Amino acid sequence: MNTLINGLCLGGIYALIALGYTMVYGIAKMLNFAHGDIIMVGAYTIFSTLALMGHPIPAVIVAVVVCTVLGLLTERVAYRPLRGASPLAVLITAIGVSYLLQSIAQLIYGSKSQSVSMGNLGSVTLFNNVSVSISSILTLGLCLIIMVALTLFVKKTKVGCAMLAVSEDRAAAQLMGINVNGIITLTFAIGSALAAFASTFYLMQIPSVTPTLGSMPGIKAFTAAVIGGIGSIPGAMIGGILLGVIEKFALSVPVLAPYTTAIEFGLLIVILLFRPTGLLGKKRREKV
Amino acid sequence: MALLEVENLAVSYGLIQAIKGISFEVNEGEIVALIGANGAGKTTTMHALCNLIPKQAGKVTFDGKDVTGVAAHKLVPMGIAQVPEGRRIFQELTVAENLRLGSYTRKNKKEIEESLEKMYERFPILKERSKQIAGTLSGGEQQMLAMSRALMSHPKLLLLDEPSMGLSPLYVNTIFDMIKQVNSEETTVLLVEQNAKKALAIADRAYVLEIGKIAKSGKGAELLEDDSIRRAYLGG
């Protein structure tokens, strides 16, 4: 039971990050490999703000603002000039941005890990005498709320609909009067804000921060996005939660624990063998 | 003064010049057809007009304003709507969502609802299927949707790129009837077609495009009788 809740928690975090990958891929048609490092920046922002102000709530707000601005800035400075360039050039630029962010963090904070205390919220005892930490419940609840809000935004608002239109057919979207650059900017803003929330929840689970903190959750969340079907919003949510639960269950079985990461990436391979576009990936059908 | 004036438009793909400096105009209230064989440059012209691809040279004036370099999405609120070749409806969105995206740049909610009702009145099948995913519609229904979607922006000028392509004869007639009807409701139409016979029959004027140049122009009815046009495009 506890493993399941922890798995759902971790899955929620992966899902939030995976949403950033998948939305940016769906709309800007690029893999933003610097996305994991936005989480790291969020975590350091929380670390610094917490040291200054001593309370986690303002720290989270500052982190959301910083990450959003950083997301917009990288899109504007690094990716927009390459619109229309070959995907490989954009991919390499994203990797460059990733290293740049890691190096800057290392310059400012050093490479040693710093501990961040988000405050102990204690735990509650549920039925069957299972004790669950409040921070897990908070993480799970907030992840769900964010995912529902995002789904409603995309499905029910005019701008959300425009995002879906741009992701399906950029030229046709332009002919509707949709400003494609504006939609791409908005997507980066949303993805980065989600990354800031992810770093908050991450620190609630693992209270320390290093310059490479974003790499592993970044890669795992990217895996989750591909498992769910990259470009698909519900796919990222399902993929993220699936991966989180599998990771926690594998870790809880002593025989499997050392192979946890191998199991996760193995799952990716198996799913891609049977469904090359991921669980909810699109099969393109053309009708003439 | 013409509603749309194109002067010396040229477009290149790398070293190949696809459009070699063409000039034409569309007057308010007209249906103007641009006909020609495959590869003549019809779709290239349409894409260049809306700046979906860059122009190499030339000037485009719409409604008295120079719109040569105006981005595609800004032309929509100015009054130009294009139905692209191959319809390009949003396959994964519903029929109603497609239509509402057509009115993306309009603000007045009441007028948008009125337009929507008008589209449903013209093609009741779209109303029946409004909640259906657009990709499940037949080719003819998708073309109706694509044209209705473009009209949702309430354009002054409607650009139609091969509206009859791949449709059964029955739907071809429906689509051409719709073009005439839309035109009678004060929308000017620029029509690109391979089906020269049908296009010339409804066009006030027409231009014949041959490998990037305008080879001939004149009244639709006259070109329909022209011997060289009959041989080249109408099957003798």
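Residues numbered from 1 in each chain as written. Chains lettered and ligands numbered in written order. Predicted model: local features only at pLDDT ≥ 70, side-chain atom pairs only at ≥ 80, totals over all residues. Heavy atoms only, no water.

Where do I start with the overall build of chain A in this structure?
Secondary structure assignment for chain A yields eleven helices and four strands. Taken against the 2.2 N^0.38 rule, which gives 19 Å for 288 residues, the C-alpha radius of gyration of chain A at 19 Å falls within 12% of a compact globule. Taken along the three principal axes of its C-alpha coordinates, chain A extends 60 × 45 × 35 Å. Counting the 288 residues in chain A, one finds 49% classified as buried. About 13100 Å² of surface is accessible on chain A, with carbon and sulfur atoms providing 70% of the total. Computed over 17 positive and 7 negative side-chain charges, the separation of the two mean positions in chain A equals 5 Å. (Helix = DSSP H or I, 4+ residues; strand = E, 2+ residues; numbered from the N terminus. Rg over C-alpha atoms; globule rule 2.2 N^0.38 Å. Buried < 20%, exposed > 50% of the residue type's maximum accessible area, 1.4 Å probe, protein only. Areas by Shrake-Rupley, 256 points an atom, 1.4 Å probe, with all protein chains shown as cover. Lys, Arg positive; Asp, Glu negative; His and termini not counted. Charge placed at Lys NZ, Arg CZ, Asp CG, Glu CD.)

How should I be thinking about the packing of aromatic side chains in this particular structure?
To describe a pair of aromatic rings, you give the distance between the ring centres and the angle between the ring planes. Residue and element names in this part refer to chain A. Evaluated as defined, the whole model comprises eight aromatic pairs over all chains. Ring geometry for Y21 versus F33: centroids 6.4 Å apart, planes at 65°, classification edge-to-face. On the criterion of sequence distance, the pair formed by Y21 in helix α1 (residues 2–28) and F33 in the loop between α1 and α2 (35–53) is long-range, its members being twelve residues apart. Owing to a relative accessible area of 3%, Y21 belongs among the buried residues under this scheme. (Phe/Tyr/Trp six-rings, centres within 6.5 Å; stacked < 30°, edge-to-face > 60°.)

Quick question: what am I supposed to make of the interface of chain A and chain B here?
Between chain A and chain B, the contact holds 23 residues from the first and 28 residues from the second. On inspection of chain A and its partner chain B, the count reaches one salt bridge. One salt bridge in this structure joins A:D169 and B:R88, with 2.5 Å as the shortest N-O distance. Only α6 (158–168) and α7 (170–175) of chain A provide two or more residues apiece to the side of chain A that touches chain B. Considering each element in turn, the side of chain A that touches chain B owes the most residues, six residues, to α6(A). Residues that form the side of chain A that touches chain B fall into these classes: twelve nonpolar, three polar and eight charged. (Contact = heavy atoms within 4.5 Å. Salt bridge = Lys/Arg side-chain N within 4 Å of Asp/Glu carboxyl O. Nonpolar A, V, L, I, M, F, W, Y, C, P; charged D, E, K, R; others polar.)

Just to check I follow, could you spell out the sheet that holds strand β9 (residues 205–210) of chain B for this structure?
Pairing between the strands of a sheet is mediated by backbone hydrogen bonds and can be parallel or antiparallel. Residues and elements named next belong to chain B. The six strands lie next to each other as β6-β7-β8-β3-β9-β10, forming an open sheet whose pairing is mixed. The open sheet is flanked by β6 (80–83) and β10 (213–219), the only strands paired with a single partner. Here the average twist between neighbouring strands, direction ignored, is 15°. Where β6 and strand β7 (residues 157–161) come together, four bridges link them in parallel fashion. Across the sheet, A81 pairs through a bridge with L158, a residue of β7. Strand contacts of helix α7 (residues 169–184): β3 (31–35), β7 and β8 (188–193), with the helix running at about 155° to β8, the strand carrying the most contacts. (Pairing = 2+ DSSP bridges. Axes fitted to C-alpha atoms, helices over the stretch in contact; angles between N-to-C directions.)

I keep staring at the state of the cysteines and nothing clicks. Help me out?
This structure, assessed with the given rule, holds zero disulfides over all chains. With no disulfide of its own, A:C9 lies closest to A:C143 among cysteine sulfurs, the gap being 7.2 Å. (Disulfide = S-S within 2.5 Å.)

For this particular structure, what's the right way to read α2(A)?
Every α-helical turn comprises 3.6 residues, leaving residues that sit three or four positions apart pointing alike. All names here are of chain A. Here α2 is 19 residues long and its end C-alpha atoms lie 27 Å apart, about the 27 Å a rise of 1.5 Å per residue gives. Counting buried positions over the 19 residues of α2 gives 15, a clear majority of the element. Once α2 finishes, G54 follows within two positions and takes phi at roughly 80°, a positive value. (Expected span 1.5 Å × (residues − 1).)

Explain the nonpolar core here, please?
A general trend in soluble globular proteins is that nonpolar side chains are found buried together. If you look at the biggest cluster of nonpolar residues, it comprises 115 residues, and the most contacted ones within it are A:I178, B:L4, B:L101 and B:L190. Counting residues per element, this core draws most heavily on helix α8 (residues 180–205) of chain A, which supplies 14 residues. In contact with B:L101, other than residues within four places in its own chain, are A:C161, A:A162, A:A165, A:M176, A:I178, B:F90 and B:L93. Of all hydrophobic cores here, the second largest spans 46 residues; its members include B:A33, B:L151, B:F176 and B:L191. (Core = buried A, V, L, I, M, F, W, Y, C linked by side-chain atoms within 4.5 Å.)

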